[in-house]
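Inside the fold
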Amino acid sequence: MSLNSGTPVLERPLVDDATGAPVPVTSEPRPRRRWVRATVLGAVIPIAVIVLWQAIATSGLVPSYRLPTPLSVWAAGVDLYERGVLYQHIAISTQRVLLGFGIGAIVGLALASIVGLSARASELFAPTLGALRAVPSLAWVPLLGLYLGLNEDSKVALVAIGAFFPVYTTVAPALRHVDAHLVELGRSYGYSGPALLSLVQLPAVVPAVISSLRLALAQAWLFLVAGELLGASLGLGFLLVDSQQNGRIDRLFLTIILLGILGKGTDSAVGLLERFLLKRWGS
Amino acid sequence: MSSSSLRSSTPADALSVSIRELSRRFGDRVVLNELSLEIAAGEIVALIGPSGCGKSTLLRHIGGLDSPTGGSIAIGGAPVTGLDARSAIAFQEPRLLPWRSITRNVEVGLPRGKRTSADRDRVAELLELVKLSSSAHLRPREISGGMAQRVSLARALARRPGVLLLDEPFGALDALTRLSMQDLLLDLHAAEPATIVIVTHDVDEALYLADRVILLGAIDPTESAAQASIRSTVVVPGLRPRDRGSGDLAELRAELLEGLGVPTHHLSAR
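Let me sum up the structure you'll find in this document. (Residues numbered from 1 in each chain as written. Chains lettered and ligands numbered in written order. Predicted model: local features only at pLDDT ≥ 70, side-chain atom pairs only at ≥ 80, totals over all residues. Heavy atoms only, no water.)

Digging into the nonpolar core
Counting residues in hydrophobic clusters, the biggest one holds 133 residues, and the most contacted among them are I19 and V213 of chain B. When residues of this core are assigned to their parent elements, the largest contribution, 13 residues, is made by helix α8 (residues 193-229) of chain A. Built from parts of two domains, this core gets at least three residues from each of domain 1 (1-67) and domain 2 (69-281) of chain A. Residues contacting I19 of chain B, with those up to four places away along its chain left out, are L35, S36, L37, L58, I62, S72 and I73 of chain B. In this structure, W140, V141, L158 and F223 of chain A belong to the second largest nonpolar core, which totals five residues. (Core = buried A, V, L, I, M, F, W, Y, C linked by side-chain atoms within 4.5 Å. Buried < 20%, exposed > 50% of the residue type's maximum accessible area, 1.4 Å probe, protein only. Helix = DSSP H or I, 4+ residues; strand = E, 2+ residues; numbered from the N terminus. Domains from an automatic or database assignment. Contact = heavy atoms within 4.5 Å.)

So, in structure tokens, the structure goes:
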């Protein structure tokens, strides 16, 4: 690999002025080159899969009602787009995910803070929340349908339940296990309560919060599809059921690919947030 | 080192420490047993003793991090009743916040409140004092252990403490770095004359730095190492900086090591 052979070393190694020993500075390839390389490498497998898929679909090995060609999937997408429904399906699903994710994450962070910082609150809430977490996601669907109706509220609530637990279960223990030495340090310098929280505990759990948000987002899409499969008239989950019932395998493939793209897209958005926050708060 | 630029700031006055019949129990275990000790303002006192003898516990009590089950402590004549802004503690581990730069870690030691330009000057001055000005922007993971301990010292000095409490601050450093840190500590003491109480395992370090060395441990040898009281006090002769190889110190060194239960095979010149 000769991509970074020409990269000049920009920073002089730092020298520990007490011992004179050099402090190693990790040299990385320039960010733009790395980005190009990552994009090219990342695209290799999807392109190979599409090529293989096209080859199998046109070879006659698999009948077309079981495996559509990539082009017919594209055509199905264009068709839905031209009827003006593709955008609607995507928009309503994305809206449900973002709303539910936001609500679930905020409630999750709030409860995790209480349970993570107070031993008494932990004894009070942790067993109940643990039991609720053990309930399989789909078990909530009929109940939410009865209480909230088969409308937006019940779907957003289901997504929020899905997003809540990864945040709660990751952040609460992270807060509980913040280095006790650092907490004592803060206390010994006169910090307590909210000031101590913002000096030590919150920055210490930033990495845990971010990774929990990424998990929560993936879970939000999962719960969205679960909710939409079981009762919706619009949305990508509905499109899946509808396509299955009408034998539209091209639309099925289209929807699965769209879910992959949307999920990856929202995950990358959180990834950008992660890079920004870790630059500020990472160690 | 030159400290002319440092005299512009007004260091807080060093404060005396007065410990009266201090006792601390953890359940049934007596860690400190009616210990009394007077430390003069500006003095450097080293506490040594076997592991688990209560050295660190005593230090934490002076800093108000722990409260006694009996007796009392006063700093500058006024009692210690909890965390106290008159003292500052530096721990064995540097305990730097990994997400903050060196400068921002030293700022933790400043009194809380809005940061003023005087605060910034103070932090810059302290970083110069501990010879870290050129590393001020780095994060803790980018610096060595000795540098991290210097940050920890600068942070403690940022509150202009009357009493500086050091809990084995150089214990985790390599031997050479430790020697240079000891000289740095004496420079700091000259520039910002606080009273210093230092816990150490290192008899040589105690004799090199301190005016008095206090040997802690059980007075009755049949007792466990706990139940610590003051077993002996050694007044170290001579002015700093001391000759590390001085014969007087060798005598005291042997005496202290014997006190710690380490045979020295030292042939007394007396």
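Structural notes on the sheet that holds strand β5 (residues 78-79) of chain B
Residues and elements named next belong to chain B. Ordered in space as β2-β1-β4-β5, the four strands form an open sheet in which the pairing is antiparallel. The sheet terminates laterally at β2 (29-39) and β5, the two strands that pair on one side only. Relative to strand β4 (residues 70-75), strand β1 (residues 17-26) runs antiparallel, the two being bridged by five bridges. Paired with S18 across the strands is A74, a residue of β4. Most of the contacts of helix α1 (residues 55-62) go to β1, to which it runs at about 120 degrees, and overall it touches β1, β2 and β4. (Pairing = 2+ DSSP bridges. Axes fitted to C-alpha atoms, helices over the stretch in contact; angles between N-to-C directions.)

Describing the pairing of β4 of chain B
In summary, the side chains of a regular strand alternate between the two faces of the sheet. Residues and elements named next belong to chain B. For β4 and β5, the ladder comprises two bridges, and the chain directions are antiparallel. Paired with I75 across the bridge in β5 is A78. A loop of two residues connects β4 with β5, the two strands running antiparallel in sequence, and G76 in this loop sits at a positive phi of about 60 degrees.

A short note on the side chain of S152 of chain B
Positionally, S152 of chain B belongs in helix α4 (residues 145-157). Excluding residues within four positions of it along the chain, S152 of chain B makes contact with A90, F91, P94 and L96 of chain B.

Focus: the sheet that holds strand β7 (residues 163-167) of chain B
Residues and elements named next belong to chain B. Overall, mixed pairing links the six strands, which are arranged β6-β7-β8-β3-β9-β10 in an open sheet. Pairing within the sheet leaves two strands with one partner each, and these edge strands are β6 (87-90) and β10 (229-235). In this sheet, neighbouring strand axes are inclined to one another by 20 degrees on average, regardless of whether the strands run parallel or antiparallel. Packed onto the sheet, helix α5 (residues 175-191) meets β3 (44-48), β7 and β8 (195-199) and runs at close to 160 degrees relative to β8.

As for the packing of aromatic side chains
On inspection of all chains with the given rule, the structure shows three aromatic pairs over all chains. Aromatic side chains F164 of chain A and Y168 of chain A sit 5.6 Å apart centroid to centroid with 5 degrees between the ring planes, which places their arrangement in the stacked category. Placement of both F164 of chain A and Y168 of chain A in helix α6 (residues 152-176) is noted, with a separation of four residues, approximately one turn of the helix. Its relative accessible area of 9% is what places F164 of chain A among the buried residues. Relative accessible area serves as the criterion here: at 8%, Y168 of chain A is assigned to the buried category. Members of the aromatic cluster, joined through ring pairs, are F164, F165 and Y168 of chain A. Lying across the ring of F26 of chain B, R24 of chain B places its NZ or CZ 4.2 Å from the centre. Above the ring of F91 of chain B, the side-chain terminus of R95 of chain B is found at 3.7 Å from the ring centroid. (Phe/Tyr/Trp six-rings, centres within 6.5 Å; stacked < 30°, edge-to-face > 60°. Lys NZ or Arg CZ within 6 Å of the ring centre and 35° of its normal.)

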